[in-house]
Amino acid sequence: MAEMVKSTTSSGPRAAEANLVTRFFRATEIDTRLLGMIGALIIIWIGFHIITGGLFLTPRNLWNLSVQTTDIAVMTTGMVLIIVTRNIDLSVGSVLGLCGMIMGVTQAKILPEYIGFDSPFTWAITLLVGLAAGCLIGAFQGIIIAFLNVPSFIVTLGGLLVWRGATWLVTSGQTVAPMDQTFRIMGGGAEGSIGATWSWIVGIAACLFVIVSIIGSRSQRRRFGFPRRPMWAEYFLAILSCVLILGAVWIANSYYWPINIAKKYAETNNIPWPETGLDIPYGIAVPVLIAIVVGIIMTFIATRLRFGRYVFAIGGNPEAAELAGIKTRWVTVRIFALMGILAAIAAAISTARLNAATNSQGTLDELYTIAAAVIGGTSLAGGTGTIAGAMLGALVMQSLQSGMVLAHVDTPLQSVVVGTVLVVAVWLDTVYRSRAK
């Protein structure tokens, strides 16, 4: 009897603590898998910061990390929808390379003959040509998959080889450079950042957007009679989101232009050079803003539009979706066309950042894109996935790669680590789903 009393008493605080944690997550509706991924990301950052002797968690490296993540983050938002429908796209890296080469040739060789080298329309025409090329390539592959019933694995594996070869054929293997000055803004750098003032404005606007979204969501739940979060949970989520947003802006504004670029800027604008130097913050990079906007739009498509509901319905049960009247074949074509557009956007970012279009551009990006989606919680069995989780997965992948470069890890070992992380992520997903059942 004494042992029973002792056991009950000792387990009481633990049970109460567990119950308190459960109630907290239930009230705030925070995705525990997403929270676990954030915890893993923090561990990775702290670990690499220690290994690299304090180089990782610096404004410079974090700013570069955010820019380097953008192209994969953009593509992984589309890969989520493809994997959710139980398909796969192995060709996105090659499509990126081909679209990048098409955009490079368009602005460096074709357009100058008609509108000159310094036309303000060069970047817009180039981007539209690239987006159109990506859309057509994606739709072409989607039609083969949907209407000819060829497995997506085979079609996109063939596309990986075909589009990579087409990239070489466009210029016979030559690198195309330089890019249009306005076009280069999409790649980041000193000219491709919005500066401190505009960064704070964007950060404050993002905070207001979060607050308005929380208020709107609460109003909608009250309107339709759905359960609402406690007020303390609403305040907690709003404050936490604003702290993270403004913290990210502060880090972006803590990274300054190199001395040579700052001196050139001062000379061009007749600014006297002070003895202590001129600190000009980079601010938020334009490609990061592009990735965020793409993430918001793709989240809206996946969660608020009928098309997004169709995508998840097909992933949950293709036969039932077909019987419900969903035109599954055309949905598949649209998904792959959308994936092609996203690959073209990523190609624009990558080409602008490199200031050149190369044949090796996008090599192995398909593997990093798929890995980011899977690490972010997208199930290869279909039916489940989130855009935010996939973009966070892209940040995890790039953090591993960036940290290993700073730690001087050999390239073959980097591939071993990335492959191991992917396998472990899929295994954890399998374990999670088996327990959920």
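This is a predicted model, so every value here is computed, not measured.

Cut-offs applied
Residues numbered from 1 in each chain as written. Predicted model: local features only at pLDDT ≥ 70, side-chain atom pairs only at ≥ 80, totals over all residues. Heavy atoms only, no water. Helix = DSSP H or I, 4+ residues; strand = E, 2+ residues; numbered from the N terminus. Rg over C-alpha atoms; globule rule 2.2 N^0.38 Å. Buried < 20%, exposed > 50% of the residue type's maximum accessible area, 1.4 Å probe, protein only. Contact = heavy atoms within 4.5 Å. Areas by Shrake-Rupley, 256 points an atom, 1.4 Å probe, with all protein chains shown as cover. Lys, Arg positive; Asp, Glu negative; His and termini not counted. Charge placed at Lys NZ, Arg CZ, Asp CG, Glu CD. Salt bridge = Lys/Arg side-chain N within 4 Å of Asp/Glu carboxyl O. Domains from an automatic or database assignment. Buried area = accessible area lost by both parts, 1.4 Å probe. Polar contact = N/O pair within 3.5 Å; in protein donor to acceptor, adjacent residues only side chain to side chain. Nonpolar A, V, L, I, M, F, W, Y, C, P; charged D, E, K, R; others polar. Axes fitted to C-alpha atoms, helices over the stretch in contact; angles between N-to-C directions. Parallel < 35°, antiparallel > 145°, perpendicular 65-115°, else oblique. Left-handed = near helix turned anticlockwise from the far one by under 90°. Core = buried A, V, L, I, M, F, W, Y, C linked by side-chain atoms within 4.5 Å. Phe/Tyr/Trp six-rings, centres within 6.5 Å; stacked < 30°, edge-to-face > 60°.

K.L.:
Would you take a moment to explain the overall build of the protein for this structure?
P.N.:
In terms of regular secondary structure, the protein is built from 17 helices and 0 strands. Relative to its length of 437 residues, the protein is compact, with a C-alpha radius of gyration of 24 Å against a globular reference of 22 Å. Projecting the C-alpha coordinates of the protein onto the three principal axes gives extents of approximately 90 × 70 × 50 Å. Taking all 437 residues of the protein together, 44% fall into the buried category. At a minimum sequence separation of 6, the contacts of the protein that also span at least 24 residues come to 79%. With the model as given, the accessible surface of the protein reaches about 23,200 Å², and the carbon-plus-sulfur share is 68%. Here the protein holds 28 positive side-chain charges and 20 negative ones, and the gap between their average locations is 13 Å.

K.L.:
In this structure, what is going on with the environment of L237? I would like to understand it.
P.N.:
When you line up the elements, L237 lands in helix α9 (residues 231-253). Placed 209 residues apart in sequence, L237 and T28 show a C-alpha to C-alpha distance of 7.3 Å. Excluding its chain neighbours within four sequence positions, the residues that come into contact with L237 are T28, I30, I214 and R229.

K.L.:
What should I look at first to understand the pattern of salt bridges in this one?
P.N.:
If charged atoms from side chains of opposite charge come close, those side chains can pair. Tallying each qualifying case throughout the model produces 5 salt bridges. For R218, the salt bridge identified is with E234, shortest N-O distance 3.1 Å. Remark: E234 occurs in helix α9 and R218 occurs in helix α8 (residues 195-224); sequence separation between them is 16 residues. The pair formed by R218 and E234 is uniform in burial state, with each residue classed as buried. Residues R229 and E234 are paired through a salt bridge, measuring 3.1 Å at the closest nitrogen-oxygen approach. Residues R229 and E234 agree in their burial class; the two are buried. Where salt bridges share partners, they join E29, R218, R221, R229 and E234 into one cluster.

K.L.:
What's the story with the domain arrangement of the protein in this structure? I'm lost.
P.N.:
Reports often express the size of an interface as the amount of accessible area lost when the parts come together. As far as domains go, the protein holds domain 1 (54-191 + 286-436) and domain 2 (193-284). Put simply, the middle of domain 1 and the middle of domain 2, counted by C-alpha atoms, are 26 Å apart. On the side of domain 2, 12 residues touch domain 1, which itself brings 11 residues to the contact. Counting the surface domain 1 buries against domain 2, the share from its top three residues, W63, A190 and L289, is 50%. Across the domain 1-domain 2 interface, the total number found is 0 salt bridges. Applying the counting rule to domain 1 against domain 2 returns 3 residue pairs in polar contact (both at pLDDT 80 or more). Secondary-structure elements contributing two or more residues to the side of domain 1 that touches domain 2 are α3 (59-84) and α11 (286-304). A per-element tally of the side of domain 1 that touches domain 2 places α3 first, with 5 residues. Class assignment for the residues of the side of domain 1 that touches domain 2 results in 7 nonpolar, 2 polar and 2 charged.

K.L.:
Would you mind showing me how to read the packing of helix α2 (residues 32-51) against helix α16 (residues 387-406) here?
P.N.:
Geometrically, a packed helix pair is captured by the angle between its two axes and the distance between the axes. The N-to-C vectors of α2 and α16 enclose an angle of 15 degrees; their axes lie 10 Å apart at closest approach. As summarised for this structure, α2 and α16 are arranged roughly parallel, according to the angle between their axes. Relative to α16, the crossing made by α2 is left-handed. Here α2 contributes L34, M37, I38, L41, I44, W45 and F48 to the contact with α16, which in turn contributes G389, L392, G393, L395, V396, S399, L400, G403 and M404. Considered class by class, the residues forming the contact of α2 with α16 number 12 nonpolar, 4 polar and no charged.

K.L.:
So what exactly am I meant to see when it comes to the nonpolar core here?
P.N.:
Within soluble globular proteins, side chains that are nonpolar generally end up buried alongside one another. In terms of nonpolar packing, the biggest core is built from 83 residues, with M75, M79, L81, M298 and L342 touching the most fellow members. For this core, the element with the highest residue contribution is helix α14 (residues 328-354), accounting for 14 residues. Once residues within four sequence positions are removed from consideration, M298 is found in contact with T77, G78, L81, L338, L342 and I387. One finds W63, W257, Y282 and V288 within the second-largest nonpolar core, a separate group that totals 13 residues.

K.L.:
Mind showing me how you'd approach the packing of aromatic side chains here?
P.N.:
Aromatic rings in a pair are described by how distant their centres are and how their planes are angled relative to each other. Counted under the stated rule, the structure contains 10 aromatic pairs. Relative to Y282, the ring of Y255 lies with its centre 4.4 Å away and its plane at 10 degrees, an arrangement referred to as stacked. Of the two residues, Y255 sits in the loop between α9 and α10 (259-268) while Y282 sits in the loop between α10 and α11, which places them 27 residues apart along the sequence. Judged on exposure class, the residue Y255 and its partner Y282 are both buried. An aromatic cluster is built from F24, W232 and F236, whose rings are joined through pairwise contacts.

K.L.:
Is there a simple way to explain the environment of L131 in this structure?
P.N.:
As for its placement among the helices and strands, L131 is situated in helix α6 (residues 122-147). Look at L131 and you get partly exposed, because its relative accessible area is 23%. C-alpha of L131 to C-alpha of I345: the two residues are 214 residues apart in sequence and 6.9 Å apart in space. Not counting the four nearest positions on each side in its chain, L131 is found in contact with I341, A344 and I345.

K.L.:
Looking at this structure, I do not really get the packing of α3 against helix α15 (residues 365-375). What am I missing?
P.N.:
Here α3 crosses α15 at 65 degrees, and the two axes come no closer than 8 Å. In the packing of α3 onto α15, the handedness of the crossing is right-handed. Of α15, the residues touching α3 (which contributes D71, I72, M75, T76, M79, V80 and I83) are D365, Y368, T369, I370, A372 and A373. Here the residues of the contact of α3 with α15 are counted per class, giving 9 nonpolar, 2 polar and 2 charged.

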